[in-house]
Amino acid sequence: MERAAEIELARRLLEGKPEAFDRFVEHFRAKVFHYSQLMCGHREDAEEVVQETLLKVFENFGQLPEPEHVRAWVFGIAKNACLIKRRKSIYAPPQEISLDELMPARGTSGDRMKIEIADWSGIPEDEVLRSELQHILKDTIADMPEIYRSVMLLRDVEELSTEETAHVLDVNVDAVKTRLHRGRLLARKKLDSYLRANSPAVETN
């Protein structure tokens with residue numbers, strides 16, 4: 001469902017249109033579950049997060065500031081539900097990886113060389129290729145430290161803007177950009193061969 005359809009659903013709910021309820025639940029249940037499963041790591045926890053999120057959404061729907069921000073608003077509630085759920089987990093959050101540790105050494109001096117971040121904006125439109133990429137990206141994101149996983153999910157999977165992501169995560173825009181850069185760097189190794197094999201060839205003289 002496109003953003004415009006989500007916004008229209010939000011408007012109908014704010015107007016008290018009951019027929020929009022089931023469509024809203026059907027759409028956002030799947031999206032919140034996907035997000036929660038990757039953030040929480042367990043299907044059972046994700047299912048509870050979905051229920052808690054949708055309940056809070058409808059209890060507080062009148063507080064939605066603007067229908068245009070409905071996706072970011074829903075994921076903000078889901079994020080808080082995930083945090084509460086994760087605090088009860090016996091698993092400690094992954095240790096953050098330094099960006100410098102990911103840079104390959106160049107020569108014997110140990111100097112680090114710059115890595116170009118793979119750009120997946122030019123992936124072919126073929127649905128099979130895009131589906132394969134989504135599976136690879138999902139597995140890659142699931143293995144990331146949480147600090148990067150949360151940004152990658154909101155920006156590259158749910159397609160929130162940088163500003164919306166910053167609002168959901170309660171950080172500034174620069175922090176989102178930095179974490180997104182590092183998250184994409186972590187993803188690069190696993191995605192790079194796929195991207196280069198399926199991106200348009202670049203002619204050289």
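About the cut-offs
- Residues numbered from 1 in each chain as written.
- Predicted model: local features only at pLDDT ≥ 70, side-chain atom pairs only at ≥ 80, totals over all residues.
- Heavy atoms only, no water.
- Helix = DSSP H or I, 4+ residues; strand = E, 2+ residues; numbered from the N terminus.
- Buried < 20%, exposed > 50% of the residue type's maximum accessible area, 1.4 Å probe, protein only.
- Contact = heavy atoms within 4.5 Å.
- Salt bridge = Lys/Arg side-chain N within 4 Å of Asp/Glu carboxyl O.
- Phe/Tyr/Trp six-rings, centres within 6.5 Å; stacked < 30°, edge-to-face > 60°.
- Core = buried A, V, L, I, M, F, W, Y, C linked by side-chain atoms within 4.5 Å.
- Axes fitted to C-alpha atoms, helices over the stretch in contact; angles between N-to-C directions.
- Parallel < 35°, antiparallel > 145°, perpendicular 65-115°, else oblique.
- Left-handed = near helix turned anticlockwise from the far one by under 90°.
- Nonpolar A, V, L, I, M, F, W, Y, C, P; charged D, E, K, R; others polar.
- pLDDT = per-residue confidence, 0-100.

Visitor: Please explain the overall build of the protein chain as it appears in this structure.
Guide: Broken down by element type, the protein chain carries nine helices and two strands. Counting helices and strands in the order they occur from the N terminus, the protein chain gives α-α-α-α-α-β-β-α-α-α-α. Looking at the protein chain residue by residue over its 205 residues, the buried ones come to 40%. In the protein chain, the proportion of contacts linking residues at least 24 apart, taken out of those at least 6 apart, comes to 67%.

Visitor: Before we go on, may I ask you to explain the pattern of salt bridges in this structure?
Guide: Two side chains of opposite charge can pair, provided their charged atoms sit close to one another. Under the counting rule described, the total for this entry stands at nine salt bridges. The residue arginine 71 makes a salt bridge to glutamate 6 at a minimum N-O spacing of 2.8 Å. Placement of the pair is arginine 71 in helix α4 (residues 70–87) and glutamate 6 in helix α1 (residues 3–14), with a sequence separation of 65 residues. Classification of glutamate 6 as buried rests on a relative accessible area of 1%. Residue arginine 43 pairs with glutamate 47 through a salt bridge whose shortest N-O separation is 3.2 Å. Highlighted residues: arginine 43 and glutamate 47, both in helix α3 (residues 43–59), separated by four residues, approximately one helical turn. In this structure arginine 43 comes out as partly exposed when scored by relative accessible area, which is 47%. A single salt-bridge network, built from bridges that share partners, covers Glu8, Arg12 and Glu19.

Visitor: How should I be thinking about the packing of aromatic side chains in this particular structure?
Guide: The relative placement of two aromatic rings is captured by the distance of their centres and the angle of their planes. For the coordinates displayed, the defined rule picks out seven aromatic pairs. An angle of 75° between the planes, with centres 5.4 Å apart, marks the rings of tyrosine 35 and phenylalanine 75 as edge-to-face. Pair noted here: tyrosine 35 is in helix α2 (residues 19–40) and phenylalanine 75 is in helix α4, with a separation of 40 residues, a long-range link. Here tyrosine 35 falls in the buried class, since its relative accessible area comes to 1%.

Visitor: Explanation requested: the nonpolar core in the structure shown.
Guide: If you look at soluble globular proteins, the nonpolar side chains tend to sit buried side by side. By size, the foremost hydrophobic cluster in this structure holds 46 residues, and its most contacted members are Phe24, Tyr35, Phe61 and Val74. Within the residue set of this core, elements represented by two or more residues are α1, α2, α3, α4, α6 (127–142), α7 (146–157), α8 (162–169) and α9 (173–198). Tallying contributions element by element places α2 first for this core, with 10 residues. Look past the residues within four positions of phenylalanine 24 in its chain and what remains in contact with it is Leu9, Leu13, Val57, Phe58, Phe61, Val70 and Val74.

Visitor: Would you mind going over the side chain of lysine 31 with me for this structure?
Guide: Relative to the elements of secondary structure, lysine 31 occurs in helix α2. Exposure remark for lysine 31: the relative accessible area of 18% places this residue in the buried category. In contact with lysine 31, not counting residues within four places along its chain, are Glu6, Arg71, Phe75 and Glu158.

Visitor: Sorry, what's going on with unusual backbone geometry here?
Guide: Apart from glycine, the bulk of residues carry a negative phi angle, and the bulk of peptide bonds sit in the trans form. The backbone phi angle of glutamate 159 is positive, close to 65°, even though this residue is not glycine. If you trace the backbone, glutamate 159 turns up in the loop between α7 and α8. Backbone geometry at aspartate 170 places phi at a positive 60°, although glycine is not the residue there. You can see aspartate 170 is positioned in the loop between α8 and α9.

Visitor: Would you mind showing me how to read the packing of α4 against α8 here?
Guide: A packed helix pair is summarised by two numbers, namely the angle formed by the two axes and the spacing between the axes. The N-to-C vectors of α4 and α8 enclose an angle of 30°; their axes lie 9 Å apart at closest approach. One way to sum up the angle between α4 and α8 is to call them roughly parallel. Taken as a pair, α4 and α8 cross one another with a handedness that is right-handed. Counting all contacts with α4, which are made through Ala72, Phe75, Gly76 and Lys79, the residues of α8 involved are Glu164, Val168 and Leu169. Of the residues assigned to the contact of α4 with α8, the class counts are four nonpolar, one polar and two charged.

Visitor: Before we go on, may I ask you to explain the confidence of the model for the protein chain in this structure?
Guide: Do not read the predicted coordinates in detail wherever pLDDT is low. Averaged over all residues, the pLDDT of the protein chain is 77; the fraction at 70 or higher stands at 71%. Here helix α5 (residues 99–102) stands out as the element of the protein chain with the lowest mean pLDDT, 41, in contrast to α8, whose mean of 94 is the highest. Across residues 90–121, where pLDDT falls below 50, the model places 52 contacts with residues more than four positions away in sequence or in other chains.

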